[in-house]
Amino acid sequence: MRLTFEEGTLLLRDYSGENAPPAFVWDSRVDLFRALALHYRDGLEYLKRNDVDFTNTAPRYKSIALEIQSAPDPHPHQTQSIEAWKTHRCRGVVVLPTGSGKSQVALMAMTHIQRSTLVVAPTIDLMNQWYDLLSRTFEVEIGLLGGGYHELADLTVATYDSAYMHMERYGNRFGLIVFDEVHHLPGQMYSHSAEMCLAPYRLGLTATPERADGRHVLLDTLVGPITYERGIRELSGEYLAEYRIERRLVQMVAEERIQYETARDEYRSFLRAKNIRLGSKDGWRNFVMLSSKSSDGRRAMNAYRRHRQIALGTTAKIRILEDILKAHPRDRVLIFTNDNETVHKISKIFLIPAITHRTRTKERKEILEAFNKGDYLALVASKVLNEGVNIPEANVAVILSGSATIREHVQRLGRILRRRQGKEATLYEVVSEDTVEDRISERRRRHEAYEEP
């Protein structure tokens, strides 16, 4: 009997046993038992446990000698996370805050496994950061898959998009797979990259594993359980910067208040007429569906968007921002908004560099480097700096507006928590009082990082 790999799946050829390993099902198209490559390790153990005589030609990964060059001594939480991962048979998710050294944990995992390894990252910027880190750390060739590159090596870095597109071809090339920002993995498309890979050893890294759609429960199958977790409050002071959080409430000007309440009343009237409760399980979906079926519905949806836009972008926030910038004349300040229109408005008013999804790669790199050197003392962005950037000098963050998701809020806090001597970080959250933003702020602060120490 032979165990083989084919297009992201495993095949049992010439199998004469009565019961195939769990997860293997009969494929009548080829008259063979087939399973997703994800089940390689369990299938292999089943065959060995049942004394099945077989030849294993599925894996194509190698044993490689990896030694970290000039490695700093690991922090206790890094050592503990690796030991916990090992006790779960080198499969699982490590949850650590931004800036606490998750990448070092991955390097320690690689040197323990000593097998061909694929690191998967959500953005090209993060892919490039991993490439630079691996190049500095190990004296081996580093491959790239994504961003215009298609170069495989025993150590390779890929984007989630490229891993998904090519895993059916390369899913047997790696013994260890590391998913950075692993909360992206359970997406309906990206999850296939884990399913089509036979890597017996898997490590997921994230600061916030939970997803609004609930699909984070799939991580247990795709990567493994959460094996180790430490929070921001636990690590602040010694391994992360000390920080404080200040919430600033602002009042709309009279004209904005009238516009806000008019728009709010308009969309709420539609909700009452259609018996829709936005707080219910299917409330938002029903609102979207019904709003597309009539002119009243479309007006209601426009009113809903308008009332949120007014609350999130009130002109009083600009005055508060000016006060905050004056209070931090020599600090490195990151300003976050919920939309690009406000980004460009702030950039124009305060002559601050802006970064959006449209900022070209070279320009973005130049801006971030200038910010880290101190040539720029402030940056403004919407969502593109939430994760995947290395800006250790930032010590002040201003949340002018954002979504209600806990992850986004924690990620923005994490941008300013990389520790350096004497650093104290400050997060300002600017909220329009007596508006929908009160509820948004309340929901996104439901995390231990925002509790009093």
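Up top is the structure these notes are about.
First, a word on scope: everything that follows refers to the structure included in this document. These figures come from a predicted structure and were not determined experimentally.

Basis of the calculations
Residues numbered from 1 in each chain as written. Predicted model: local features only at pLDDT ≥ 70, side-chain atom pairs only at ≥ 80, totals over all residues. Heavy atoms only, no water. Helix = DSSP H or I, 4+ residues; strand = E, 2+ residues; numbered from the N terminus. Buried < 20%, exposed > 50% of the residue type's maximum accessible area, 1.4 Å probe, protein only. Contact = heavy atoms within 4.5 Å. Areas by Shrake-Rupley, 256 points an atom, 1.4 Å probe, with all protein chains shown as cover. Lys, Arg positive; Asp, Glu negative; His and termini not counted. Charge placed at Lys NZ, Arg CZ, Asp CG, Glu CD. Salt bridge = Lys/Arg side-chain N within 4 Å of Asp/Glu carboxyl O. Phe/Tyr/Trp six-rings, centres within 6.5 Å; stacked < 30°, edge-to-face > 60°. Pairing = 2+ DSSP bridges. Axes fitted to C-alpha atoms, helices over the stretch in contact; angles between N-to-C directions. Core = buried A, V, L, I, M, F, W, Y, C linked by side-chain atoms within 4.5 Å. Expected span 1.5 Å × (residues − 1).

1. Comments concerning the overall build of the protein chain
Line of reasoning, step 1. In terms of helices and strands, the protein chain carries 16 helices and 19 strands.
Line of reasoning, step 2. Burial status across the protein chain gives 53% buried among its 453 residues.
Line of reasoning, step 3. Sequence-distant contacts, at least 24 apart, represent 72% of the contacts inside the protein chain between residues at least 6 apart.
Line of reasoning, step 4. Surface exposure of the protein chain reaches about 21800 Å², of which carbon and sulfur atoms provide 46%.
Line of reasoning, step 5. Across the protein chain, 65 positive and 61 negative side-chain charges occur, with their mean positions spaced 4 Å apart.

2. Considering the pattern of salt bridges
Line of reasoning, step 1. By the definition in use, this model includes 25 salt bridges.
Line of reasoning, step 2. E322 serves as the salt-bridge partner of K326, at 3.4 Å between the closest nitrogen and oxygen. Taken together, the positions of K326 and E322, both in helix α12 (residues 316–327) and four residues apart, correspond to about one turn of that helix.
Line of reasoning, step 3. Judged by its relative accessible area of 34%, E322 is partly exposed.
Line of reasoning, step 4. Residues joined by salt bridges that share partners form a network here, namely E6, R13, D27, R29 and R34.

3. Digging into the packing of aromatic side chains
Ring pairs (aromatic) are described by centroid distance and by the angle formed between their planes.
Line of reasoning, step 1. For the structure shown, the criterion picks out nine aromatic pairs.
Line of reasoning, step 2. Between Y160 and Y190 the ring centres are 5.3 Å apart and the planes differ by 35 degrees, which places this aromatic pair in the tilted class. Of this pair, Y160 sits in helix α5 (residues 160–170) while Y190 sits in the loop between β11 (176–179) and α6 (191–195), placing them 30 residues apart in sequence.
Line of reasoning, step 3. Its relative accessible area of 22% is what places Y190 among the partly exposed residues.

4. Some words on the environment of G374
Line of reasoning, step 1. Summarising the element assignment, G374 is placed in the loop between α14 (361–373) and β17 (378–381).
Line of reasoning, step 2. C-alpha of G374 to C-alpha of D282: the two residues are 92 residues apart in sequence and 48 Å apart in space.

5. A closer look at helix α1 (residues 40–49)
Line of reasoning, step 1. Considered for burial, the residues of α1 that qualify are Y40, R41, G43, L44, Y46 and L47.
Line of reasoning, step 2. Where α1 is buried, its residues contact β1 (2–6), β2 (9–13), β4 (32–36), β5 (55–56), β6 (91–95) and β12 (201–206).
Line of reasoning, step 3. D51 sits one or two positions beyond α1 and adopts a positive phi of about 55 degrees.

6. What to know about the sheet that holds strand β9 (residues 149–151)
Line of reasoning, step 1. Strands sit in the order β9-β8-β10-β7-β11-β12-β6-β13 across an open sheet of eight strands; the sheet is mixed. Since the sheet does not close on itself, it has two edges, and those belong to β9 and β13 (226–229), each with one partner. The sheet shows a mean angle of 20 degrees between the axes of neighbouring strands, direction not considered.
Line of reasoning, step 2. With four bridges joining them, strand β8 (residues 142–146) and strand β10 (residues 155–159) adopt parallel strand pairing. Across the sheet, L144 pairs through a bridge with V157, a residue of β10.
Line of reasoning, step 3. Sheet contacts for helix α3 (residues 102–113): β7 (117–121), β10, β11 and β12; angle to β12, the most-contacted strand, approximately 170 degrees.

7. Points about the nonpolar core
Line of reasoning, step 1. M110, W130, L134, L334, L385, L413 and I416 are the most contacted members of the largest nonpolar core, which has 60 residues in total.
Line of reasoning, step 2. If sequence neighbours within four positions are ignored, W130 has contacts with S103, A106, M110, V119, A121, V157, D180 and L205.
Line of reasoning, step 3. Counting residues in each nonpolar core, the second largest holds 22 residues, with A163, M167, F179 and A199 among its members.

8. Focus on α12
Line of reasoning, step 1. When the terminal C-alpha atoms of α12 are compared, their 17 Å separation across twelve residues agrees well with the 16 Å that a helix rising 1.5 Å per residue should span.
Line of reasoning, step 2. Among the residues of α12, A316, K317, I318, I320, L321, I324 and L325 are the ones counted as buried.

9. Points about the side chain of T426
Line of reasoning, step 1. Take T426: it is sitting in strand β19 (residues 424–432).
Line of reasoning, step 2. Once residues lying within four places of it in the same chain are set aside, the contact partners of T426 are R244, N395, V396, A397 and I416.

10. A closer look at the sheet that holds β2
Line of reasoning, step 1. The strand order across the open sheet formed by five strands is β3-β4-β2-β1-β5, and the pairing between neighbours is mixed. On the outer flanks of this sheet lie β3 (25–27) and β5, each paired with one strand and no other.
Line of reasoning, step 2. For β1 and β5, the ladder comprises two bridges, and the chain directions are parallel. Across the sheet, L3 pairs through a bridge with N56, a residue of β5.

11. Here we look at unusual backbone geometry
Line of reasoning, step 1. For A23, which is not glycine, the phi dihedral falls at a positive 80 degrees.
Line of reasoning, step 2. The phi dihedral of R89 is positive, around 60 degrees, even though this residue is not glycine.
Line of reasoning, step 3. Examined against the element boundaries, R89 turns out to sit in the loop between α2 (76–87) and β6.

12. Quick look at the pairing of β8
As a general feature of sheets, a regular strand has side chains that alternate between the two faces.
Line of reasoning, step 1. Most of β8 sits inside the fold, with five of its five residues counted as buried.
Line of reasoning, step 2. Pairing of β8 with β9 involves three bridges; the strand directions are antiparallel. Bridged to L145 within β9 is H150.
Line of reasoning, step 3. Linking two consecutive strands that pair antiparallel, namely β8 and β9, is a turn of two residues; a positive phi of about 65 degrees is found at G147 within it.

13. Some words on the environment of L203
Line of reasoning, step 1. Looking at the secondary structure, you find L203 in strand β12.
Line of reasoning, step 2. Exposure remark for L203: the relative accessible area of 0% places this residue in the buried category.
Line of reasoning, step 3. Taking the C-alpha atoms as reference points, L203 and T123, separated by 80 residues in sequence, lie 18 Å from one another.
Line of reasoning, step 4. Beyond its immediate sequence surroundings of up to four residues, L203 is in contact with W85, G92, V94, V105, A106, A109, L176, I177, V178, F179 and V223.

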